[in-house]
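# Examination of the molecular architecture
Each chain, written out:
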Amino acid sequence: MSFEDLKGFAFDLDGVIADTARFHGQAWHQLADKVGTEWTPELADSLKGVSRMDSLELILKAGGHENDYSQDEKVALATEKNDNYIKLVETLTPADILPGMKDFLDELKANGYHIVLASASKNAPKVLKYLQITDYFEGIVDPAKLTHGKPDPEIYSEAAKLMNLPANQVAGLEDAQAGIESINRASETSIGFGASLKDADVKFDQTSEVSLAAIKKQMG
């Protein structure tokens, strides 16, 4: 695929546009304290990319509390965690946009590229609202309508459909290995952020390095 073919960009949210993972960490930490599970770096790490209910089960199990709550009580705990997370999201401002990303969105818009969001987060519209960048995106893939999570290609295939573009005209931006795999399996151009990522078509160590010229240089 060549740079000239690209007509649209599909963005992951966390770690690409803003760092909201820390809010998940804080909200889960609050919940671990409540149920009496010790919060450790290993436990925090084990929750990355895991669904809300599965994350709750991991926290309960880590403290030996997996049999202490009914299913209804577990749902209530998970809901409480999400409420706490949303309170933290509501503290976001445009200053929380990761370095270089606002400039890159401006550049894409000025050059007429399609822009959509491909995030597994159901809270993504709220995050965009507080960052004050909702207007850049012509669409958001609805994670509630997806059958499979990343690394399955479904979310990026849906992003291409939202833009009404074939896969070879779409680039996806990710900071996680599962996301890069998802883009590649959708036959789109993968743009990765992070030195440890493998198999990204275009790779930057940090978000501040991204621009159309920098992408073109790597694609050749």
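Residues numbered from 1 in each chain as written. Predicted model: local features only at pLDDT ≥ 70, side-chain atom pairs only at ≥ 80, totals over all residues. Heavy atoms only, no water.

Spatial strand order, β3-β2-β1-β4-β5-β6: 6 strands in an open sheet with parallel pairing. Where the open sheet ends on each side, the last strands, each with one partner, are β3 (139-140) and β6 (202-204). As paired elements, strand β5 (residues 189-193) and β6 share 3 bridges and run parallel to each other. Residue pairing in the sheet places Ile191 in a bridge with Val202 of β6. Helix-sheet contacts for helix α8 (residues 177-185) involve β4 (170-174) and β5, and the interaxial angle to β5 is about 170°. The sheet strands contacting helix α9 (residues 212-219) are β1 (8-11), β5 and β6, and the helix crosses β6 at an angle near 130°. (Pairing = 2+ DSSP bridges. Helix = DSSP H or I, 4+ residues; strand = E, 2+ residues; numbered from the N terminus. Contact = heavy atoms within 4.5 Å. Axes fitted to C-alpha atoms, helices over the stretch in contact; angles between N-to-C directions.)

A few words now on the pairing of β4. Looking down a regular strand, the side chains alternate between one sheet face and the other. Counting buried residues along β4, 5 of its 5 residues qualify, which places the element largely inside the surrounding structure. Going residue by residue along β4, you find Val170, Gly172 and Glu174 tucked away on one face and Ala171 and Leu173 tucked away on the opposite face as well. Where β1 lies against β4, 4 bridges are found, and the strand directions are parallel. Paired with Phe9 across the two strands is Ala171, which belongs to β4. Across 4 bridges, β4 lies against β5 in parallel orientation. Note on β5: the bridge partner recorded for Glu174 is Gly192. (Buried < 20%, exposed > 50% of the residue type's maximum accessible area, 1.4 Å probe, protein only.)

This next bit is on the domain arrangement of the protein chain. Assigned domains within the protein chain: domain 1 (3-18 + 94-219) and domain 2 (21-90). The straight-line distance from the C-alpha centre of domain 1 to that of domain 2 is 28 Å. Tallying the contact residues gives 6 residues for domain 1 and 7 residues for domain 2. Together domain 1 and domain 2 conceal approximately 620 Å² of surface at their shared face, both sides included; 51% is due to carbon and sulfur atoms. Per-residue buried area on domain 1 facing domain 2 is highest for Asn123, Lys126 and Tyr130; these three make up 60% of the total on that side. Our enumeration of links across domain 1 and domain 2 arrives at 2 salt bridges. (Domains from an automatic or database assignment. Buried area = accessible area lost by both parts, 1.4 Å probe. Salt bridge = Lys/Arg side-chain N within 4 Å of Asp/Glu carboxyl O.)

Attention now moves to helix α6 (residues 124-131). When α6 is considered as a whole, its buried residues turn out to be Ala124, Val127, Leu128 and Leu131. Looking straight down α6, one finds its buried side chains confined to an arc of 100°; they lie on one side. Those residues of α6 that are buried are in contact with α4 (71-89), β2 (114-117) and β3. Phi for Gln132, located one or two positions after α6, is positive at around 65°. (Arc of directions from axis to C-beta.)

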